[in-house]
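Structure at a glance
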Amino acid sequence: MIHLSPAAVSEIRRLKSRHPNPQAFFRLGIQPGGCSDFYYTLEFDEAPAPEDQVWESNDIQVLVNAKSRDYISGLRLDYSEDLMGGGFRFHNPNAAESCGCGNSFSLGDRP
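The following paragraphs examine the structure supplied in this document.

Each value, and the rule that gives it
- Residues numbered from 1 in each chain as written.
- Predicted model: local features only at pLDDT ≥ 70, side-chain atom pairs only at ≥ 80, totals over all residues.
- Heavy atoms only, no water.
- Helix = DSSP H or I, 4+ residues; strand = E, 2+ residues; numbered from the N terminus.
- Polar contact = N/O pair within 3.5 Å; in protein donor to acceptor, adjacent residues only side chain to side chain.
- Contact = heavy atoms within 4.5 Å.
- Salt bridge = Lys/Arg side-chain N within 4 Å of Asp/Glu carboxyl O.
- Buried < 20%, exposed > 50% of the residue type's maximum accessible area, 1.4 Å probe, protein only.

To continue, consider the side chain of Glu-11. Take Glu-11: it is sitting in helix H1 (residues 6-18). A polar side-chain atom of Glu-11 sits 2.7 Å from a polar atom in the side chain of Arg-14. Those residues in contact with Glu-11 that sit more than four places away from it in its chain are Tyr-79 and Phe-88.

Okay, structure coming up:
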């Protein structure tokens, strides 16, 4: 399950309102690389793929592909603004370590 804070929901809705297709799905995933082993990806997608898990949080449908599912299940996504600007904050219970940028993580001894 993916949890979106009210601030994250508000920002996702704001971004969707600027997307060419306001009915697009919010996709959350991971890719190898970044400061640690993996980094988070956020994008909009026109439709779920057959292997996608679809979660709903606060009326936002979140797509997660099979490759990312185990690594981010239970993730809590927040959004906040500070003097340097705004950004999404990832709170991942599966991460053994997160880097200083907050957008990259490692799993420790896990494959």
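On to the environment of Tyr-79, then. In this fold, Tyr-79 is placed in strand S6 (residues 76-82). Excluding anything up to four places from it in sequence, Tyr-79 contacts Ser-5, Ala-7, Ala-8, Glu-11, Gly-86, Gly-87 and Phe-88.

For the structure shown, the criterion picks out 3 salt bridges. In this structure, Arg-14 and Glu-11 form a salt bridge, with 2.7 Å as the shortest nitrogen-oxygen distance. Here Glu-11 and Arg-14 lie together in helix H1, a separation of 3 residues that amounts to about one turn. Since its relative accessible area comes to 9%, Glu-11 is described here as buried. Here Asp-45 and Arg-27 are joined by a salt bridge, their closest N and O atoms 2.9 Å apart. One end of the pair, Asp-45, is in strand S3 (residues 38-45); the other, Arg-27, is in strand S2 (residues 25-32), with 18 residues separating them in the sequence. The exposure class of Asp-45 is partly exposed, given its relative accessible area of 25%. The class for Arg-27 is buried, based on a relative accessible area of 10%. Here the residues in one salt-bridge network are Arg-27, Asp-45 and Asp-52, joined through shared partners.

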